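Inside the fold
Spelled out from the first residue to the last, the chains are:
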Amino acid sequence: MDNGGPSRLAPNGHGRRGQGSVTPASSPSTPGENSDNEGFSLTPKRAMASFENLVAMANHQERLKEAKKMVWRDRGEPVVELDSLEACLVHAMSGGLRSATLAFNIRASVNLVLALLRIHRVPRDYRLAMIRHAILSSDTWRFAAMFGVDFHISLQILNKCFTNSLSCIKPRQHTSAVDDEEEEIDLEARTTLEVPFEKRKGRLSLTKNAQMMLIRKRTRRWHAALAGAVAGGLAIMWEKKSRRTVISQQMFVRGLQGSYNAFTTKRNLRVPNGDVLVFALACGQILYGFLLRPDTLPRSYTGWIQQASKVPSECVRMNHDLVRNGTFNIQDLDQLTHRTDITPLNKTDLLTLRDNFLNLATSTDGIPPYVPCYAPCSAVHPALSSCASVPLDRFFAVFKWMLPIYGALHFIPAVLFKRKAFMQDPGKMLLRATVGSMRSSAFLGVFVIIYQTIFCYKHKLHKVLTLLRTGAIPTNLLTAPFANIPQWVVDLLASKFSFWLPGLAAGLSLFVEEKRRRPELAMYVLPKGLESAWVMARGKGWVFKTGKWGDTLLTALGMAMVMSTYQNDPQHLSGLVRRILYQFIGPN
């Protein structure tokens, strides 16, 4: 070695003796410094710049992830533990702002889409104002205030501060998933012989741990119920009075659904096809109200049923008046006879009914003519003379009418919310959406033909049995026993209750629909059926009057049941409700 001098790398990669000042290998020059003309730095400028770009990109992705969490929660987010009143207030205010922003954006987006669908019918000078009103209308601010300012803040303060402070007094009986993980590590540190097989625990992912923490952090049920009742009662007051009824009804039935599922699971009870049973019972009440008590249903809902049934509105009014009052408005019958699509046979039948009702004439043999106490079949389907041809005609009419609506409900979510699966196999997704649309449309078509078929043939039977008793139809060996049936028994076929049973039978059409959609459809019609039954019971004096606070009380009761279930048994709530609560409230 010459003078023990340090060596350095030459440009050609071979070591050689250094002359003059050299750069030691252990001290490379920084990218900003000028290196020796004959040597190289061990950290090139390009490599350092690439490293800095990677760091900047990682920081940018992290900021994007944090920004996304402000709008949409990731799955498996852990429960927030708060130990002071100040922490509760800060958490409630920040969460309330987040929920209000999310609710504002959702409502504004829906309003904007609806406005764009009808913007072509608005003059060009008013389109900008229409869009501005859709986004910044009072409805949007009310919706944001309901979900964020009042609902979230009240719920978090009560549920976290009140519940957590009491749980600190009494030791918790349920350990968190984090404690389970620590115990798991301790057990695995021992030998296999020291740990019994039944005490060994499998490893859980972070998402699974968070889900277990969400489910296992139990509190007293009345704590969560009180928080939900106060928050729900205060939040609903931000909405318009015209919208409170719908929200309160949905909240109440969702609470009933979760409480019922938790109750039956705890006691190991199971009702086969319970969703179909609920749907059928609700439909029985709804169709009874549509025909005989339209005042117990919202006007928009009765209008939709009227359009779906394909029955003339004059026929519905005529049936209502005949069943309830024994008379009807002649103008309704005249409008039916002047329809362009009415058949000659049906027109003759209606004109005969008109003469018999006005003149109360008797036949030549002294037998009184048959005057129905319901709307005749010629009024139900004036364009079809035979009742046997009604089912097929009604099915395709309803199927064709509902196919575009159900098509949108099946295709749009498949494209927007399942984009990854759609891009991987678009043919399969489109086929599934097509089959689902046709199945849903067929479900409503079967519903209509079941009710109308029973409606027609129970009245045909009433007419035949009545004419047998009066002698208008001669009896023979087969029909003689039916002629002796008491008239009050025959009149059961045209009684008020007879209009409730076909709705119950029509509810069985839900078996046509896909199984996973049945609970949601049952929860959709249940509030309408309960509302109709409540109004009827209130008219008879069987229940109390709620006054102007009815919607508030119903929302408070429903939200109390929802939060009690969400806090202790969230798996018993429907997936839709659980996802909404998770995004707006988070894991409690």
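Residues numbered from 1 in each chain as written. Predicted model: local features only at pLDDT ≥ 70, side-chain atom pairs only at ≥ 80, totals over all residues. Heavy atoms only, no water.

By the naming in an unreviewed UniProt entry, the chain is Transmembrane protein 135 N-terminal domain-containing protein, taken from Gymnopilus junonius.

Thoughts on the overall build of the chain
Quick note on the threshold: Each helix is a run of DSSP H or I of at least 4 residues and each strand a run of E of at least 2, with the numbering of both proceeding from the N terminus. Accessible area is worked out with a 1.4 Å probe on protein chains only. A residue is then buried under 20% of its type maximum, exposed over 50%, and partly exposed in between. Residues count as neighbours in contact if any of their non-hydrogen atoms are within 4.5 Å of one another. The accessible surface values rely on the Shrake-Rupley method and a 1.4 Å probe; as for residues, cover is taken only from the protein chains in view.
Of regular secondary structure, the chain possesses 23 helices and two strands. Counting every position in the chain, which comprises 588 residues, the buried fraction comes to 39%. When contacts within the chain are restricted to residue pairs at least 6 apart in sequence, long-range pairs at least 24 apart make up 74% of them. Carbon and sulfur atoms provide 63% of the accessible area of the chain, an area that totals close to 34,800 Å².

Here's the deal with the UniProt feature "transmembrane region" (unreviewed entry) in the chain
In plain terms, the rule: UniProt positions are given in the numbering used here, feature names are shortened, and annotations may be inferred rather than shown by experiment.
Under the UniProt annotation, the feature "transmembrane region" (unreviewed entry) is placed at residues 222–238, 276–292, 398–417 and 437–457. Annotated as residues 276–292, this span is 100% helix and 0% strand, and its ends, taken at the C-alpha atoms, are 24 Å apart. Segment residues 437–457 splits into 100% helix and 0% strand. End C-alpha atoms: 31 Å apart.

Brief notes about the nonpolar core
Stated formally: Within this scheme, the nonpolar core is defined by two criteria: the residues are buried Ala, Val, Leu, Ile, Met, Phe, Trp, Tyr or Cys, and they are joined through side-chain atoms within 4.5 Å.
Core analysis: the biggest nonpolar cluster contains 52 residues, and Phe 279, Leu 291, Met 318, Phe 443, Tyr 451 and Phe 499 have the highest contact counts within it. The leading source of residues in this core is helix H9 (residues 274–292), at 10 residues. Excluding anything up to four places from it in sequence, Phe 279 contacts Phe 443, Phe 447, Gly 507, Leu 510, Leu 521, Ala 522 and Val 525. One finds Leu 102, Met 559, Leu 573 and Val 577 within the second-largest nonpolar core, a separate group that totals 16 residues.

Brief notes about helix H10 (residues 299–309)
Counted only if it meets this: What the arc describes is the spread of directions from the helix axis to the C-beta atoms.
Buried residues of H10: Tyr 301, Thr 302, Ile 305, Gln 306, Ala 308 and Ser 309, and no others. Buried residues of H10, viewed axially, fall in a sector of 170°; they line one side. Away from the buried face of H10 by more than 90 degrees, exposed residues Arg 299 and Ser 300 are located.

Some remarks on the confidence of the model for the chain
Where we set the bar: What pLDDT conveys is the predictor's confidence in a given residue, as a value from 0 to 100.
Taken over all residues, the pLDDT of the chain has a mean of 78, while the share at 70 or more is 72%. Per-residue pLDDT stays below 50 along residues 165–195; that stretch engages in 30 contacts with residues further than four places along the chain or on separate chains. Low pLDDT, under 50, characterises residues 210–216; the predicted model gives this stretch 23 contacts beyond four residues in sequence or across chains.

Concerning the packing of H9 against helix H17 (residues 426–470)
We count it as follows: Geometry is summarised by axes, namely lines fitted to C-alpha atoms with helices restricted to the contacting stretch, and by angles between N-to-C directions that run from 0 to 180 degrees. With respect to orientation, any angle under 35 degrees is reported as roughly parallel, any angle over 145 as roughly antiparallel, any angle of 65 to 115 as roughly perpendicular, and every other angle as oblique. Put simply, a crossing is left-handed when the front helix is turned counterclockwise from the back one by less than a right angle, and right-handed when it is turned clockwise. In this classification, the charged set is Asp, Glu, Lys and Arg, the nonpolar set is Ala, Val, Leu, Ile, Met, Phe, Trp, Tyr, Cys and Pro, and all remaining amino acids, among them Gly, are polar.
H17 packs onto H9 with a crossing angle of 60° between their chain directions and a minimal axis gap of 13 Å. Here H9 is positioned oblique relative to H17, judged by the angle of their axes. Helix-helix and strand crossings are classified by hand; for H9 and H17 the assignment is right-handed. Residues Phe 279, Cys 283, Leu 287 and Leu 291 of H9 pack against Phe 443, Phe 447 and Tyr 451 of H17. Residues of the contact of H9 with H17, tallied by class, amount to seven nonpolar, no polar and no charged.

A word on the pattern of salt bridges
This is how it is decided: A carboxyl oxygen of Asp or Glu within 4 Å of a side-chain nitrogen of Lys or Arg is what we treat as a salt bridge.
One pass over the structure, following the stated rule, counts 11 salt bridges. With a closest N to O distance of 3.1 Å, Lys 240 and Asp 139 form a salt bridge. Within this pair, whereas Lys 240 is found in the loop between helix H7 (221–235) and helix H8 (241–266), its partner Asp 139 is found in helix H4 (residues 138–169), the two being separated by 101 residues in sequence. The buried category is assigned to Asp 139, whose relative accessible area is 13%. The salt bridge partner of Asp 334 is Arg 354, with a shortest N-O separation of 3.0 Å. Taken as a pair, Asp 334 in helix H12 (residues 330–337) and Arg 354 in helix H13 (residues 344–359) lie far apart in primary sequence, 20 residues in all. Residue classification places Arg 354 among the partly exposed residues on the basis of a relative accessible area of 25%. Through salt bridges with shared partners, a single ionic network connects Asp 139, Lys 240 and Arg 243.

Details of helix H22 (residues 550–568)
Threshold: By definition here, a helix of n residues has an expected span of 1.5 Å times n minus one.
With 19 residues, H22 extends 27 Å between its outermost C-alpha atoms, agreeing within 8% with the 27 Å of an ideal straight helix rising 1.5 Å per residue. By the criterion of burial, H22 is predominantly enclosed, with 15 of the 19 residues buried.

Focus on the packing of H22 against helix H23 (residues 575–584)
Two elements in contact, H22 and H23, have axes whose closest approach is 12 Å; the angle formed by their N-to-C orientations is 85°. The angle between the axes of H22 and H23 places the two elements in the roughly perpendicular class. Seen from H22, the contacting residues are Met 559, Val 562 and Tyr 566; seen from H23, they are Val 577, Arg 578, Leu 581 and Tyr 582. Of the residues contributing to the contact of H22 with H23, the split by class is six nonpolar, no polar and one charged.

Examining unusual backbone geometry
One non-glycine residue, Asn 268, lies in positive phi territory at about 55°. Among the structural elements, Asn 268 can be located in the loop between H8 and H9. Looking at Asn 268, the relative accessible area reads 70%, which means it is exposed.

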